[in-house]
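# Commentary on secondary and tertiary structure
Here's the letter readout for the chains.
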Amino acid sequence: MYTDLEGKVVIVTGAGGGIGRETVKRFADNGSLVIATDVNEETGHETVEYAGKELVTFVAADVSNADSMGRLVERTLELHGRLDIAHNNAGVELNGPHLADVTPEQFDRIMAVNLSGVFLSMRAEIPAMLNGSGGSIINTSSGLGVKGFAGQSSYVASKHGVLGLTKTAALEYAAQDVRVNAVMPGVVRTPMVEAIEAEVPGFIDMVTAKHPMGRLATPGDIANAVLWLASEQSAFVSGAAIAVDGALLAG
Ligand SMILES: NC(=O)c1ccc[n+]([C@@H]2O[C@H](COP(=O)([O-])OP(=O)(O)OC[C@H]3O[C@@H](n4cnc5c(N)ncnc54)[C@H](O)[C@@H]3O)[C@@H](O)[C@H]2O)c1
């Protein structure tokens, strides 16, 4: 438990998905006031049910739309008066086609959500944090933020970009007490990965074998790192990218 997270106001994007849902739950378990947001209202509301209605509010928003993210932060301020923490986590995947077979529309879609989405999220969140007492932002990159993966060029490019935004924002706002870090999950069995498995049977076994610890990450593994980065226990950590991958990137 992190006592300093009690009463903190937190936005989690992609909150209807596997990693986001678990992060929302753990923030709520620590007494934070959570705005759980997603484009998918159905799964977003399921997250509220899972995580606890008292402390969690669902607000629909599209991370790829600047106005939508502006309205999300406005609504957060209306509800709770400030913003302390953000887990910018929404993402989409494209697995399969090699680069020359990726259409410009497919590439743009991945970039719009995974990279512009993190930019537009931070662009809306940071002014609210500067008007308060600083903040902590955690962006979800990936092990594919630092390595390539055949069949995922647009996804890999977007996740490399997330690390660039993270490091630069960390530098720009360090003096104003806004910390900005990233998590780089190994493979987690979420709806995103189940969708790849449905198209490429055996994908999960193949990637499990690559993890030196012999298993995939759980959403809880990732959420634990996110909460640590949000808490005062990581007060001097900013601009970092933390791998949570059972030593996958170590090799
Ligand atoms: N699952 C993995 O193996 C893995 C590994 C490394 C990184 N990641 C990253 O972790 C994050 C969470 O992924 P997950 O595995 O929980 O996937 P998921 O598909 O379960 O959840 C992603 C969520 O993002 C939401 N979303 C998609 N587009 C959106 C938009 N435009 N605006 C707002 N929300 C939107 C989806 O509705 C979904 O609820 C993603 O950024 C993903 O790239 C996942």
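This write-up is about the structure you can find in this document. Sequence order as written defines residue numbering, which begins from 1 separately in each chain. Restriction of local features to residues with pLDDT of at least 70 applies here, the model being predicted, together with a cutoff of 80 or more for giving and counting side-chain atom pairs; totals for whole chains, interfaces and linings are based on all residues. Values reported for side chains reflect all heavy atoms of the structure, with hydrogen atoms and water molecules removed beforehand.

## What to know about the packing of helix α1 (residues 18-29) against helix α8 (residues 219-230)
- Only the stretch in contact is used when a helix axis is fitted, and all axes are lines through C-alpha atoms; the angle between N-to-C directions ranges over 0 to 180 degrees. Counting from the N terminus, the helices are the DSSP runs of H or I reaching at least four residues and the strands are the DSSP runs of E reaching at least two. The interhelical angle for the contact between α1 and α8, taken along N-to-C directions, is 50 degrees, at an axis separation of 8 Å. One finds that α1 runs oblique with respect to α8. Crossing angle aside, the handedness with which α1 passes α8 is right-handed. On the side of α1, the interface is formed by Gly18, Ile19, Glu22, Thr23, Arg26 and Phe27, while α8 contributes Pro219, Gly220, Ile222, Ala223, Asn224, Val226, Leu227 and Ala230.
- Split into classes, the residues belonging to the contact of α1 with α8 amount to 8 nonpolar, 4 polar and 2 charged. Should an angle lie under 35 degrees it is considered roughly parallel, over 145 roughly antiparallel, and from 65 to 115 roughly perpendicular; all remaining angles are considered oblique. Should the near helix be turned anticlockwise from the far one by less than a right angle, the crossing is left-handed, and should it be turned clockwise, the crossing is right-handed. In this analysis, two residues are considered to be in contact whenever any of their non-hydrogen atoms come within 4.5 Å of each other. In this count, Pro and Cys sit with the nonpolar residues alongside Ala, Val, Leu, Ile, Met, Phe, Trp and Tyr, while Asp, Glu, Lys and Arg are called charged and the others, Gly among them, polar.

## Observations regarding the site of the ligand
- Residues in close proximity to the ligand total 29 residues, the closest being Asp38, Asp62, Tyr155, Val188 and Thr190.
- Definition of a polar contact: a pair of N or O atoms within 3.5 Å, with one able to donate and the other able to accept a hydrogen when the atoms are protein atoms, and with sequence-neighbouring residues admitted only if both atoms are side-chain atoms. Contact between the ligand and aspartate 38: an oxygen atom at 2.6 Å from a side-chain N or O atom of the residue.
- Residue threonine 190 places a side-chain N or O atom 2.6 Å away from an oxygen atom belonging to the ligand.
- Within the complex, the protein chains bury 92% of what would otherwise be the 830 Å² of accessible surface of the ligand.
- Here the ligand occupies the largest pocket.
- Counting only elements with at least two residues in the shell around the ligand, the list comes to α1, α5 (153-173) and α6 (191-199). Proximity criterion: a residue is near a molecule or strand once any of its heavy atoms comes within 4 Å of it. Every accessible area reported is derived by Shrake-Rupley at a probe size of 1.4 Å, with residue values counting cover from the shown protein chains alone. Cavities and pockets are found on a 1 Å grid laid over the protein atoms alone: a cavity is a set of points where a 1.4 Å probe fits but cannot escape, a pocket is an open set with protein on both sides within 12 Å along at least five of seven lines, and a lining residue has an atom within 4 Å of such a point. A pocket or cavity is taken to hold a molecule when more than half of that molecule's atoms are within 2 Å of the pocket's grid points.

## Looking at the sheet that holds strand β4 (residues 85-88)
- Strand pairing is defined by DSSP finding a minimum of two bridges between the two strands. Pairing is parallel in the open sheet, where 7 strands are placed in the order β3-β2-β1-β4-β5-β6-β7. The outermost strands of the open sheet, each flanked by one partner alone, are β3 (56-60) and β7 (241-244). Adjacent strand axes in the sheet meet at a mean angle of 20 degrees, parallel and antiparallel pairs treated alike.
- In terms of strand pairing, strand β5 (residues 135-140) meets strand β6 (residues 178-185) through 6 bridges, oriented parallel. Across the sheet, the residue bridging to threonine 140 is valine 183, located in β6.
- Running at roughly 170 degrees to strand β1 (residues 9-13), α1 makes contact with β1, β2 (33-38), β3, β4 and β6 of the sheet.

## Description of the layout of surface pockets
- Grid points are joined across faces, edges and corners, and a volume is the space filled by probe spheres set on the points. Counted as a void, the largest pocket has a volume near 1100 Å³.
- Around the largest pocket, the lining is made up of 50 residues, and of these Gly91, Glu93, Tyr155, Thr190 and Met192 lie nearest the centre.
- Put simply, the parts of the chain that give the lining of the largest pocket at least two residues each are α1, β2, α4 (104-130), α5, α6 and α7 (203-210).
- With 4 residues, the single largest contributor to the lining of the largest pocket is α6.
- As a volume, the second largest pocket reaches approximately 330 Å³.

## Comments concerning the packing of aromatic side chains
- Geometry of aromatic contacts follows a simple scheme: Phe, Tyr and Trp rings, the Trp one being its six-membered ring, pair when their centres are within 6.5 Å, and the pair is stacked under 30 degrees between planes, edge-to-face over 60, tilted otherwise. Considering all chains together, one arrives at 1 aromatic pair under this definition.
- Where phenylalanine 149 meets phenylalanine 203, the ring centres are 6.4 Å apart and the plane angle is 75 degrees; that geometry is what we call edge-to-face. Of the two residues, phenylalanine 149 sits in the loop between β5 and α5 while phenylalanine 203 sits in helix α7, which places them 54 residues apart along the sequence.
- With a 1.4 Å probe rolled over the protein chains alone, any residue whose accessible area is under 20% of its type maximum counts as buried; one over 50% counts as exposed, and the rest are partly exposed. With a relative accessible area of 24%, phenylalanine 149 lands in the partly exposed category.
- Positioned above the aromatic ring of tyrosine 50 is the side chain of lysine 25, whose terminal nitrogen or guanidinium carbon lies 5.9 Å from the ring centre. Criterion for a charge above a ring: Lys NZ or Arg CZ within 6 Å of the ring centre, and within 35 degrees of the ring normal.

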